[in-house]
Amino acid sequence: MVETRTQGDTRQAGGKGRVAVVGTGSWGTTLAILAARQGLQVSLVARSEDEAREMREAGENSRFMPGYPFPPGLTPTPDMERALSGIDMLLMVVPSQTMRANARALKPYLRSGTIVVSCAKGLELHTLLRMTEVLAQELGEEHARSLAALSGPNLAKEIVAGKAATTVIASRDLDVARRAQELLTGGRFRVYTNPDVTGVEFGGALKNIIALAAGMADGIRAGDSAKAAIITRGLVEIGRLGMAAGASLFTFAGLAGLGDLIATCASPLSRNRTMGELLAQGKATDEVRAIMHGQVAEGVTTTAAARELAARYEVEMPITEQLYRVLFEGTDLMT
């Protein structure tokens, strides 16, 4: 299963459509801006009236995306009921560990048939579920066919600045994937589709583990040869676990696999690579979070979840195992 484009890729939304984005971090804000640039009516759901008012008055998200004004049609609001009224698509851009609570809170306002797209790259601790599995549990059978996942080599600050980028929308229902593709494609942002939801979600979640390790290699100045080995062998680990869970190997050779892995391990804009580098330099976790202005690096919790999944499927993941020991058991990075 590989990413594909259809004739729908070249069509513009032309103002026809309403989208809600839950999550006001850098990626949620970027997706909201992208959708509004296509002429869509976009509600950016804030956590509070104070947060929404601050963004409305500033005309931008000054905390996470300063310098990028909101296009016409983008409205920050804390009113979930109003935000979800009559929408065609809902983008869930929240940390993986809060996805369930957010889905539960918005379910009463979500009409049947609305496309619901997970844009989070992680696994839920304890249940070890992927994000579309969490959404399926919380939203119920009436929404199961309308679920999708978005993942790819997506660095928010590059994309909001208008640089060329691609992503993947995965859904078991091709019509759902194509409609989401049509709504989001535009300008220099190209969207592909893939029916392998499992592979796309595992690729997005597990590459954060490898990005942490790659960042640590940068932090101790291990060199590019060592970093290349981490990336390459990391892709093997991602493929092993993903295939054991039912994913297609071909997905990991595409944008949602290798593409995302390269971008996240190489770019200084990557939160997980940056966190790994700072931890390797001896900074405490709280200090790292302050430096990153509260943005979430999903790789830490995903390392714990993936290690448990690897044991369940009897899959060897030596990089993940060693990273777990460093993060959670106090093992020295140099041992």
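From a predicted model like this one, the values you see are computed outputs, not experimental measurements.

Within the protein, the secondary structure is distributed over 15 helices and eight strands. Relative to the globule expectation of 20 Å for 335 residues, the C-alpha radius of gyration of the protein, 19 Å, shows essentially globular dimensions. With respect to the three principal axes, the spread of C-alpha positions in the protein is 55 × 40 × 35 Å. Taking all 335 residues of the protein together, 56% fall into the buried category. Partitioning the intrachain contacts of the protein with sequence separation of at least 6 by distance along the chain shows that 73% fall at a separation of at least 24. Separation between the mean location of the 36 positive side-chain charges and that of the 36 negative ones in the protein comes to 4 Å.

Most of helix 12 (residues 271-280) is tucked away: eight of the 10 residues are buried. Residues of helix 12 that are buried: Asn-272, Arg-273, Thr-274, Met-275, Gly-276, Leu-278, Leu-279 and Ala-280. For helix 12, the elements touching its buried residues are helix 9 (197-219), helix 10 (224-244), helix 11 (255-266), helix 13 (285-291), helix 14 (299-313) and helix 15 (318-328). With its phi angle positive at about 95 degrees, Gly-282 sits one or two positions after the end of helix 12.

Even without glycine at this site, His-126 takes up a positive phi of about 75 degrees. Positionally, His-126 belongs in the loop between strand 5 (115-118) and helix 5 (131-139). Residue His-126 is classed as exposed on the basis of its relative accessible area, which comes to 73%.

Within the element layout of this structure, Arg-233 appears in helix 10. By relative accessible area, which is 46% here, Arg-233 ends up partly exposed. Measuring from C-alpha to C-alpha, the distance between Arg-233 and Met-317 comes to 9.4 Å, with 84 residues separating the pair along the chain. Those residues in contact with Arg-233 that sit more than four places away from it in its chain are Arg-240 and Ile-319.

This next bit is on helix 8 (residues 174-184). Along helix 8, the residues that are buried comprise Val-176, Ala-177, Ala-180, Gln-181, Glu-182, Leu-183 and Leu-184. For helix 8, the elements touching its buried residues are strand 4 (89-92), strand 5, strand 6 (147-151), strand 7 (165-170) and strand 8 (189-194). Residue Asp-173 occupies the N-cap position of helix 8, its side-chain oxygen lying 2.9 Å from the main-chain nitrogen of Asp-175.

Right, let's talk about the pattern of salt bridges for a bit. Applying the stated criterion across every chain yields a total of 18 salt bridges. Between Arg-53 and Asp-50 there is a salt bridge, and its shortest N-O distance comes to 2.9 Å. Residue Arg-53 and its partner Asp-50 are both found in helix 2 (residues 49-58); the two are separated by three residues, about one turn of the helix. Among the ionic pairs, Glu-321 bridges to Arg-325, the shortest N-O distance being 3.2 Å. Here Glu-321 pairs with Arg-325, and both are found in helix 15, just four residues apart, close to one helical turn. You can call Glu-321 partly exposed: its relative accessible area is 23%.

One pass over the structure, following the stated rule, counts one aromatic pair. Here the aromatic rings of Tyr-324 and Phe-328 are separated by 4.9 Å at their centres, their planes lie at 35 degrees, and the arrangement is tilted. Here Tyr-324 and its partner Phe-328 are both found in helix 15, four residues apart, which amounts to about one turn of the helix. Among the residues examined, Phe-328 registers a relative accessible area of 40% and is labelled partly exposed.

Axes are the key here: two packed helices are described by the angle between their axes and the distance separating the axes. As a packed pair, helix 10 and helix 15 sit with axes 8 Å apart at the nearest point and diverge in direction by 105 degrees. Classified by the angle between their axes, helix 10 and helix 15 sit roughly perpendicular to one another. Only Pro-318, Ile-319 and Thr-320 of helix 15 make contact with helix 10, whose side of the interface consists of Ile-230, Arg-233, Gly-234, Glu-237 and Arg-240. Here the contact of helix 10 with helix 15 is built from residues that sort into three nonpolar, two polar and three charged.

So, about the confidence of the model for the protein. The predicted model of the protein averages 93 in pLDDT, with 95% of residues at 70 or higher. Overall, residues 7-15 carries pLDDT values under 50, and its contacts beyond four positions in sequence, including any with other chains, amount to 18 contacts.

So, how was this worked out
Residues numbered from 1 in each chain as written. Predicted model: local features only at pLDDT ≥ 70, side-chain atom pairs only at ≥ 80, totals over all residues. Heavy atoms only, no water. Helix = DSSP H or I, 4+ residues; strand = E, 2+ residues; numbered from the N terminus. Rg over C-alpha atoms; globule rule 2.2 N^0.38 Å. Buried < 20%, exposed > 50% of the residue type's maximum accessible area, 1.4 Å probe, protein only. Contact = heavy atoms within 4.5 Å. Lys, Arg positive; Asp, Glu negative; His and termini not counted. Charge placed at Lys NZ, Arg CZ, Asp CG, Glu CD. Polar contact = N/O pair within 3.5 Å; in protein donor to acceptor, adjacent residues only side chain to side chain. Salt bridge = Lys/Arg side-chain N within 4 Å of Asp/Glu carboxyl O. Phe/Tyr/Trp six-rings, centres within 6.5 Å; stacked < 30°, edge-to-face > 60°. Axes fitted to C-alpha atoms, helices over the stretch in contact; angles between N-to-C directions. Parallel < 35°, antiparallel > 145°, perpendicular 65-115°, else oblique. Nonpolar A, V, L, I, M, F, W, Y, C, P; charged D, E, K, R; others polar. pLDDT = per-residue confidence, 0-100.

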